[in-house]
Amino acid sequence: MKKEKLNKLLKWVNDQDYICLDTEARGKYFGFLHPMEGLDPYLSEIISLQIGNAEEQHIIFGTPPKELMIALRDKLCIGHNIKYDYKLLYVATGIRLEKVFDTMIAEKLLNNSSTTIRYGLGPVLQRLFGIEMNKEIRDTFKQCVVMDATQIQYSLDDIKYLDRLYFSQLKRCKAKDMGDLFSIEMDVVKALSEMELNGMHLNEEDWMILYQENLEKEKILLQKLSDILWKHKKYQFFNIVEKKCLLNWNSSLQIIPVFLSYELDVTSDKHKSGFSIAEKNIKKYSENEFVEIYLEYKGVVKSITTYGKKFIGKYKNPITGKYHTNLTQLKNTGRSASSNPNLMNISVGGPRKCFNFVNSAEEKYYLVCDYSKQELCVLADRAEDHSLIATLEAEDAHEETAKKIFKEKYNRKKHRPIGKTVNFAVAYGSTAHALSESLNVNLDEAQSYIDLFYKAYPKLKPYFEKVYREALRKRFIRLDNVTNRKFYIDSYMSSDEILRKCQNYPIQSLSATITKVALVLLYEFTKNDDRINLIHVQHDEIIFEVTKDYKELESQVCDIMTEAGRKFLNHIELKVGSMVSKYWDH
C-alpha cells in the first residue's frame, strides 16, 4: 500500500469511534498440506482485510501493514465471528485486537433458546432487516489468487451492515438489562482465541502405546465374550462345527438378541427397534457376567475410536506440531464446548497423561487449576442454604451428605459413593429414574435418597420451586441474576423438562460465568508473560502451559480464580485447587 494512501486510511481510522471488520483468507498451501487450510490461522494467509461502516468501506489486499494494525489495536472492532479474524490477524502480524465486539455472540445471547436459530451473518441480517446476502460466494475464496469484482463486493458487503446490527443489539441488550453479560462475553472472545492459538502438546509415542494396548485388550475381551456365550450354551450364535462365534460385536441389531436370550429387559420407546443396549440401559445388569464384560469391551472400543492413530493424522497441526481445538463459546447455559478435536472429551487417566512434556526438549509443564465443587457451592449460595454451605466447607462434603441421609446406619465404604452421586444428581437436575440407574437401585430407593437430601438441606426445594414459578410466568429461565443471562422456553417443552432445566441451568450457568470471568482476568495476566500460556478450559478447570519458573505463577493464578468467585457468591468462597506436572492429569 502506497504511503500516501496508507496515511489517509490511518487518519480515517483514527477519526472513527468503532470499526467494522472482516477478513478473507485462503489456504496457504492450496489444500495440499491439510484439509483445514483456509480455516486454521497457521495454514492460511490473508487475501484481504475489510474495514469500514455503513457509509464507507475499505479493502486492503494481503497482510495489512503494521501501522494499520497498531491503529486498529485499541479501536472497538466489530465483527461477526470475530474470533476467526482475531486469530488470523494475530498470526499474520503479531498484533492483538484489544477491543472486540462479536455480533454473532451478541445475537446468541439475545436469543438463547433450544429453538434452532441460524446465527450466520446472512440469516441474521435476513431475519432482522430483510437483507439478502449470497453467502455461496464465500466458498470461492478457498484457492483464490486474485479477487474478482464479485468477490470484492461480497467482502465489502460483509461489513456494510455490521454497525446497523451492532446498534440493534445494543438497544435490545439495554432493554433486557444484559450489559454486564455482553461485556464479559466479548472479553471472553479474546481468551478463547488465545487458547485456540496456543494449542496443547501431545506425546505421540505414549498415545500410540495406549492405542496398541487397547487393541490387545479388545482381542482379549472379544475372546472372553465368545467363551462366556459358549459356556452359557448360547449355541445359536455360533458355527457349532468350528466353535466360532458369528456375531458382529459392533452391531446392536446382532447383539440385542443376546441380551434377550438372557431374559434381560432392554426395551426402549426411544428407539425404532423398540430396544436399546446403550450403557445407561444395561448398566443395571452389570452383575451379569456377560454384561460386565460387554460393558468393558464397549469402553475399550470407544477408546480405540476416540484415541486411535487417526487422531494424530487428523488433528495434529503440521506447522505448530500441537493440537488446537475449536472452542464454541456459548451453549444454552453459557458453557463452552470443544471440537476438532474435542479436548473436553479426553478422559482422565491414560488418555490425558499422553498430553505431556516427558520427551520434550522444552522445560515445560502443565498447570491445572480448578474450582472445588463449583456447582454445589453455587447452588448453596443461590439458595442461601446454610446447612449445605456447612457441608461444603467440611473436609469431605460427600461424606457429610451421606451421613445426613443414612444417619446411624452410615457406613463410609458403602454410603459415601451414594452421597457423592446424590450431591451431583440434585445439582444436575436428575430425576429419581436417572438416579436409580446411576446407583443401580430401585426407583423407590432412589426417590428416598432425594427426599432425604432435601430434608437435610431444606432451602433447596423452595429455591427450585421459586425459579420454576418465575420461568412459567415469564417464559424464560433467568440463568443468573447477576448478568441476567436468560434461556427462553419453547412452546413444545414439557413441564417436566422445564422443571429439570430450572433446577440445573441456573447453577450451571452461574458456574460458567464465574469461570469465564476468571478467563478474562487470566487473559490479561498471561498475554504478555512468556512464562505462562492459557491453553484450555474444561468447565471448572483451566489449563496452562508454564515454564519451570511456575511457583509464583501458580499462586497468582489461584488468587485470580478465587477473586472471580467472590464477584458472584455472597455466602461461600470457592476454593481453587492446583497441580503442576509434566502431565495433563487432574
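Above this text is the structure in question.
None of these values were measured; they are calculated from a predicted model.

(A) How the structure looks around the sheet that holds strand β4 (residues 76-79). Read across the open sheet, the five strands follow the order β3-β2-β1-β4-β5; overall the sheet is mixed. Of all strands in the sheet, those bounded by a partner on one side alone are β3 (57-61) and β5 (99-102). For this sheet, the mean angle separating the axes of adjacent strands, direction not counted, is 30 degrees. Pairing of β4 with β5, which is carried by four bridges, proceeds in the parallel orientation. From the neighbouring strand, Ile-78 faces β5, where its bridge partner is Phe-101. Strands in contact with helix α1 (residues 3-15) are β1 (18-27), β2 (44-52) and β3; relative to β2, the strand with the most contacts, it is inclined by about 60 degrees. Helix-sheet contacts for helix α6 (residues 149-160) involve β1, β2 and β3, and the interaxial angle to β3 is about 130 degrees.

(B) Here's a closer look at the packing of aromatic side chains. Under the counting rule described, the total for this entry stands at 28 aromatic pairs. A centroid spacing of 6.1 Å and a plane angle of 85 degrees characterise the contact between Trp-207 and Phe-355, whose relative ring orientation is edge-to-face. With Trp-207 in helix α9 (residues 204-231) and Phe-355 in the loop between α14 (350-353) and β10 (364-371), this residue pair connects regions lying 148 residues apart in the sequence. A residue is classified by how much of its surface remains accessible, and Trp-207, at 0% relative accessible area, is buried.

(C) Expanded view of the pattern of salt bridges. Considering all chains together, one arrives at 31 salt bridges under this definition. Here Lys-501 ties to Glu-497 by a salt bridge, and the two come within 2.9 Å at their closest N and O atoms. Taken together, the residues span about one helical turn, with Lys-501 and Glu-497 both in helix α22 (residues 495-526) at a distance of four residues. The exposure class of Glu-497 is partly exposed, given its relative accessible area of 23%. Three or more residues are tied together by salt bridges with common partners; here these are Lys-322, Glu-362, Lys-364 and Glu-545.

(D) Spatial organisation of the environment of Ser-286. Along the chain, Ser-286 falls in the loop between α11 (279-282) and α12 (289-306). Along the sequence, Ser-286 and Asn-440 sit 154 residues apart, while their C-alpha atoms lie 9.0 Å from each other. Leave out the neighbours within four places in its chain, and Ser-286 touches Val-291, Glu-292, Leu-295 and Asn-440.

(E) Representation of the nonpolar core. Judged by nonpolar contacts, the single largest core of 131 residues is most densely connected at Ile-51, Leu-68, Leu-72 and Phe-544. The element contributing the most residues to this core is α22, with twelve residues. When neighbours within four sequence positions are excluded, Phe-544 is seen to be in contact with Tyr-365, Tyr-366, Leu-367, Cys-369, Leu-522, Thr-526, Ile-532, Asn-533, Leu-534, Ile-535 and Val-557.

(F) Examining the packing of α22 against helix α23 (residues 551-566) more closely. In contact at an axis separation of 8 Å, α22 and α23 are set at 140 degrees when each is read in the N-to-C sense. Classified by the interaxial angle, the pair formed by α22 and α23 is oblique. Of the two possible hands of crossing, α22 and α23 adopt the one that is right-handed. Across the interface between the two elements, Ile-514, Val-517, Ala-518, Leu-521, Leu-522 and Phe-525 from α22 touch Leu-553, Gln-556, Val-557, Ile-560, Met-561, Ala-564 and Gly-565 from α23. For the contact of α22 with α23, the per-class residue count stands at eleven nonpolar, two polar and no charged.

(G) Structural view of the sheet that holds strand β13 (residues 532-538). The sheet built from four strands is open, its strands ordered β13-β14-β10-β15 with antiparallel pairing. Each edge of the sheet is formed by a strand with only one pairing partner; in this case those strands are β13 and β15 (576-581). Strand-to-strand twist of the sheet, defined as the mean angle between neighbouring strand axes without regard to direction, takes the value 20 degrees. With six bridges connecting them, β13 and strand β14 (residues 541-547) associate as antiparallel partners. By the bridge assignment, His-536 is partnered in β14 with Ile-543. Docked against the sheet, α22 engages β10, β13 and β14, running at close to 165 degrees with respect to β13.

(H) Quick peek at the pairing of β14. With seven of seven residues buried, β14 lies mostly within the body of the structure. Neither face of β14 is exposed, since Glu-541, Ile-543, Glu-545 and Thr-547 on one face and Ile-542, Phe-544 and Val-546 on the opposite face are all buried. Here seven bridges tie β10 to β14, and the two strands are oriented antiparallel to one another. Among the inter-strand pairings, Tyr-366 is bridged to a residue of β14, identified as Glu-545. Hairpin geometry of β13 and β14 is characterised by an intervening segment of two residues between the two adjacent antiparallel strands and by a positive phi of about 60 degrees at His-539.

(I) Focus on α9. An ideal rise of 1.5 Å per residue puts 40 Å on 28 residues; α9 measures up with 40 Å between its terminal C-alpha atoms. Taken together, the buried positions of α9 are occupied by Trp-207, Leu-210, Tyr-211, Asn-214, Glu-218, Leu-221, Leu-225, Ser-226, Ile-228 and Leu-229. Among the structural elements, β6 (238-239), β7 (244-245), α10 (252-261), α12, α13 (310-315) and α14 are those in contact with the buried residues of α9. For α9, the N-terminal capping position is held by Asn-203, with its side-chain oxygen 3.2 Å away from the main-chain nitrogen of Glu-205. Lys-233 sits one or two positions beyond α9 and adopts a positive phi of about 60 degrees.

How each quantity is defined
- Residues numbered from 1 in each chain as written.
- Predicted model: local features only at pLDDT ≥ 70, side-chain atom pairs only at ≥ 80, totals over all residues.
- Heavy atoms only, no water.
- Pairing = 2+ DSSP bridges.
- Helix = DSSP H or I, 4+ residues; strand = E, 2+ residues; numbered from the N terminus.
- Axes fitted to C-alpha atoms, helices over the stretch in contact; angles between N-to-C directions.
- Contact = heavy atoms within 4.5 Å.
- Phe/Tyr/Trp six-rings, centres within 6.5 Å; stacked < 30°, edge-to-face > 60°.
- Buried < 20%, exposed > 50% of the residue type's maximum accessible area, 1.4 Å probe, protein only.
- Salt bridge = Lys/Arg side-chain N within 4 Å of Asp/Glu carboxyl O.
- Core = buried A, V, L, I, M, F, W, Y, C linked by side-chain atoms within 4.5 Å.
- Parallel < 35°, antiparallel > 145°, perpendicular 65-115°, else oblique.
- Left-handed = near helix turned anticlockwise from the far one by under 90°.
- Nonpolar A, V, L, I, M, F, W, Y, C, P; charged D, E, K, R; others polar.
- Expected span 1.5 Å × (residues − 1).
- Polar contact = N/O pair within 3.5 Å; in protein donor to acceptor, adjacent residues only side chain to side chain.

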